Amino acid sequence: MSLRLTSSRLVGYAVGAFGTGVFSTVPTVLLLYFCTETLRIPAVLAGLAVFLPKVWALVWDPLVGAWSDRTRTAMGRRRPFMLAGAVGVSLAFLALFSWPYPRGAWAFVPVGLIYFTLANAYSLFAVPFVAVPAEISAQPAERERVTGWRIGLAMVGVLIGAGLAPMLVEWGGGGRRGYGFMAAIVAAICGLGMLSTFFATPSRLGAEIEPGPSPSLAQCLSALKHSPAFLKLALAYVIQLTGIGLVSALTPYWIVTVAHRNAGDSGQALGIMLIATIAATPAWVWLMRKVGARGGIAAAAALYGAATLSFLALPVNGGPWVFAVYALIGIPFAGLQVGPFALAAHLVHEAADRIGARQEGLFTGLWTAGEKLGLALGPGMAGLGLAAIGFASGAKVQAPGLGVHLTLLIAGAPAAFLWVSLLFMRRPKDAA
């Protein structure tokens, strides 16, 4: 059976992507900077606080996916998880930036614990949420329709998270008070958006089969093993997100230290980047229809890496060209948003057909785990990079030459990750 969502249900479902876009982006952009500059946590520990909670996602997300696959309730198998996740994420996000932390290295522990709670709650919502397009219909066109709406609103969420959140911190007075102000507004708006998804998602989805004996965990893992096309795409996407996360996490430091602008201007730079992303999306959709998703993703990764090297060509202090570089980076970023999700939805549906059971949750659990790992690896690598070049947390004056090293870091490290990901974009022998 195939299901076609009405326009109102489709919009209601997709609004949740706005929330996931914001909640996944703000920690990537601001949490490392919040830890080092407001809480005075040393850069290495701050990087670990951002990275370690997401490592657990490699185990937790597939478990949530398999759990939701095997759940049978009057609300459906996905919706109970969405409800718990929507409430939990909102509360944990508010706590992350509002908790009365101690200052210095000891803040590492409570930051890590609260971020761990946020990451787990996010999985409860995101894993079943991302599974919906793969199981909504047996028709590829309907899956692409649902995925397109979700990605579109996710991009708006990423734009708000990266562009507006730093400005909200400034408008709230900066420091702890500003971060608390930002967190309260974001948690309220995005929490409502995620609840919209809960109410709009049908209890029973079109491609679901009649309840029967559930596959064992061993059978589920075997299904993953025999889906090399999906696994290679997921690995490539993790590597790509690491490079993307490096740009996002290092931007506030580069804007303040090298471009000599206010920290809030990092939101303007990333906002311009994401406006370019949204504007370029139709072109990437067209290109991928012509050359295929794999070719489009590979082209986007190659161009993104080349675009980050533009930092090396900027004059001293950057001037107005700073924002031009971020706009340039935003163009291939659109391809890295459209391609992987569209290809993943098709591969997940094909894998579920091949094993003869609807196990979309398991596959999307692995996908969201990889997504979170990549988004955490970026700031984690940024923290290690900052420590390696001698960045001093909270210092008014940095060591001589730090600006040059910081520019080399934000230009070269992302390019390396994006180009390495190309090694995993070749079509496996079993791929359609």
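Residues numbered from 1 in each chain as written. Predicted model: local features only at pLDDT ≥ 70, side-chain atom pairs only at ≥ 80, totals over all residues. Heavy atoms only, no water.

**Some points on the overall build of the chain**
Right, on to step 1. For the chain, the count of helices and strands is 14 helices and zero strands.
Right, on to step 2. Of the regular secondary structure in the chain, the N- to C-terminal order runs α-α-α-α-α-α-α-α-α-α-α-α-α-α.
Right, on to step 3. The contacts of the chain with a sequence gap of at least 6 include a subset with a gap of at least 24, amounting to 84%.
Right, on to step 4. Working note: accessible area of the chain is about 16300 Å², and carbon and sulfur atoms make up 70% of it. (Helix = DSSP H or I, 4+ residues; strand = E, 2+ residues; numbered from the N terminus. Contact = heavy atoms within 4.5 Å. Areas by Shrake-Rupley, 256 points an atom, 1.4 Å probe, with all protein chains shown as cover.)

**Brief notes about the nonpolar core**
Right, on to step 1. With 115 residues, the main nonpolar core has F93, F97, M182, W254, F311 and Y326 as its most contacted residues.
Right, on to step 2. If you look at the next biggest cluster of nonpolar residues, it comprises five residues, including V64, F81, L124 and V127. (Core = buried A, V, L, I, M, F, W, Y, C linked by side-chain atoms within 4.5 Å. Buried < 20%, exposed > 50% of the residue type's maximum accessible area, 1.4 Å probe, protein only.)

**A word on the confidence of the model for the chain**
Right, on to step 1. In the predicted model, the chain carries a mean pLDDT of 82, and the fraction of residues at 70 or more is 83%.
Right, on to step 2. Mean pLDDT across the secondary structure elements of the chain bottoms out at helix 8 (residues 217–225), with 59, and peaks at helix 14 (residues 402–421), with 94.
Right, on to step 3. Residue range residues 206–213 is modelled with pLDDT below 50. Its contacts to residues more than four positions away, or to other chains, number 19 contacts. (pLDDT = per-residue confidence, 0-100.)

**Structural notes on a positive patch on the surface**
Right, on to step 1. Taken together, the side chains of R40, R103, R176 and K396 make up a positively charged region of the molecular surface.
Right, on to step 2. Within the secondary structure, R103 sits in the loop between helix 4 (79–98) and helix 5 (108–135). (Patch = residues over 30% accessible without salt bridge, like charges linked within 9 Å, V, L, I, M, F, W, Y side chains within 5 Å. Salt bridge = Lys/Arg side-chain N within 4 Å of Asp/Glu carboxyl O. Lys, Arg positive; Asp, Glu negative; His and termini not counted. Charge placed at Lys NZ, Arg CZ, Asp CG, Glu CD.)

**As for the packing of helix 10 (residues 265–291) against helix 11 (residues 293–308)**
Right, on to step 1. Packing of helix 10 against helix 11 leaves a shortest axis separation of 7 Å and a crossing angle of 130°. The pairing of helix 10 with helix 11 is recorded here as oblique in orientation. Of the residues in helix 11, those touching helix 10 at W284, M288 and V291 are A293, G295, G296, I297, A299, A300 and L303.
Right, on to step 2. Across the contact of helix 10 with helix 11, the residue classes break down as eight nonpolar, two polar and no charged. (Axes fitted to C-alpha atoms, helices over the stretch in contact; angles between N-to-C directions. Parallel < 35°, antiparallel > 145°, perpendicular 65-115°, else oblique. Nonpolar A, V, L, I, M, F, W, Y, C, P; charged D, E, K, R; others polar.)

**Notes on the packing of aromatic side chains**
Right, on to step 1. Per the counting criterion, the structure on display carries 16 aromatic pairs.
Right, on to step 2. Here a set of aromatic residues connected by ring pairs shows up, and it is made of F23, F34, F93, F97, Y101 and Y179.
Right, on to step 3. Its guanidinium or amino end placed over the ring of F198, R79 lies 4.3 Å from that ring's centre, counting from NZ or CZ. (Phe/Tyr/Trp six-rings, centres within 6.5 Å; stacked < 30°, edge-to-face > 60°. Lys NZ or Arg CZ within 6 Å of the ring centre and 35° of its normal.)

**Quick look at the packing of helix 9 (residues 228–257) against helix 10**
Right, on to step 1. Relative to each other, helix 9 and helix 10 sit at 130°, their axes nearing to 9 Å. Regarding the angle of helix 9 to helix 10, the classification is oblique. Between helix 9 and helix 10 lies a crossing whose hand is right-handed. Packed against helix 9, whose contacting residues are S248, T251, P252 and I255, the element helix 10 presents D265, S266, A269 and L270 at the interface.
Right, on to step 2. The residue makeup of the contact of helix 9 with helix 10, split by class, is four nonpolar, three polar and one charged. (Left-handed = near helix turned anticlockwise from the far one by under 90°.)

**Section: helix 2 (residues 43–55)**
Right, on to step 1. Counted at 1.5 Å a residue, the expected span for helix 2 with its 13 residues is 18 Å, and the 19 Å between its end C-alpha atoms agrees.
Right, on to step 2. By the largest-angle criterion, A49 marks the main kink of helix 2, which is about 25°, and a proline, P53, follows within four residues.
Right, on to step 3. Within helix 2, burial applies to A43, A46, G47, A49, V50, P53 and K54. (Expected span 1.5 Å × (residues − 1). Bend = angle between axes of the 7 residues up to and from the residue.)

**Some thoughts on the environment of G378**
Right, on to step 1. Along the chain, G378 falls in helix 13 (residues 360–388).
Right, on to step 2. Classification of G378 as buried rests on a relative accessible area of 0%.
Right, on to step 3. On a C-alpha basis, the gap between G378 and I239 in space is 9.2 Å, while along the polypeptide they are 139 residues apart.
Right, on to step 4. When sequence neighbours within four positions are dropped, the list of residues in contact with G378 reads T242, G245 and L246.

**Quick word on the side chain of T407**
Right, on to step 1. Positionally, T407 belongs in helix 14.
Right, on to step 2. If we skip the residues at most four places from it in the chain, T407 touches W254, V258, F311 and L312.

**Quick notes on the environment of L314**
Right, on to step 1. Tracing the chain through its elements places L314 in the loop between helix 11 and helix 12 (321–355).
Right, on to step 2. Residue L314 is classed as buried on the basis of its relative accessible area of 16%.
Right, on to step 3. Separated by 55 residues in sequence, L314 and A259 have C-alpha atoms that sit 9.9 Å apart.
Right, on to step 4. Excluding residues that lie within four positions of it along the chain, L314 makes contacts with W254, W321, V322 and V325.

**Describing helix 9**
Right, on to step 1. Taking 1.5 Å per residue as the helical rise, helix 9 with its 30 residues ought to reach 44 Å, and the 43 Å between its terminal C-alpha atoms agrees with that figure.
Right, on to step 2. Along helix 9, the helix axis deviates most sharply at L250, where the bend reaches about 45°; the proline P252 sits within four residues downstream.

**Notes on a nonpolar patch on the surface**
Right, on to step 1. Among the surface-exposed residues, V44, L48, L52, V55, W56, L58, V59, L63, F116, M381 and L384 lie close enough to one another that they form a single nonpolar patch of about 840 Å² accessible area.
Right, on to step 2. Secondary-structure elements contributing two or more residues to the nonpolar patch are helix 2, helix 3 (57–69) and helix 13.
Right, on to step 3. By the element assignment, V44 lies in helix 2.

**Topic: unusual backbone geometry**
Right, on to step 1. Of note, R40 is a non-glycine position whose phi angle comes to about 65°, a positive value.
Right, on to step 2. Considering the arrangement of structural elements, one finds R40 in the loop between helix 1 (7–38) and helix 2.
Right, on to step 3. In this structure, H260 is a non-glycine residue whose phi angle is positive, near 55°.
Right, on to step 4. By the element assignment, H260 lies in the loop between helix 9 and helix 10.

**Topic: the environment of T407**
Right, on to step 1. Given the relative accessible area of 12%, T407 is considered buried.
Right, on to step 2. Of note is the side chain of T407, whose polar atom sits 3.0 Å from the side chain of W254. (Polar contact = N/O pair within 3.5 Å; in protein donor to acceptor, adjacent residues only side chain to side chain.)

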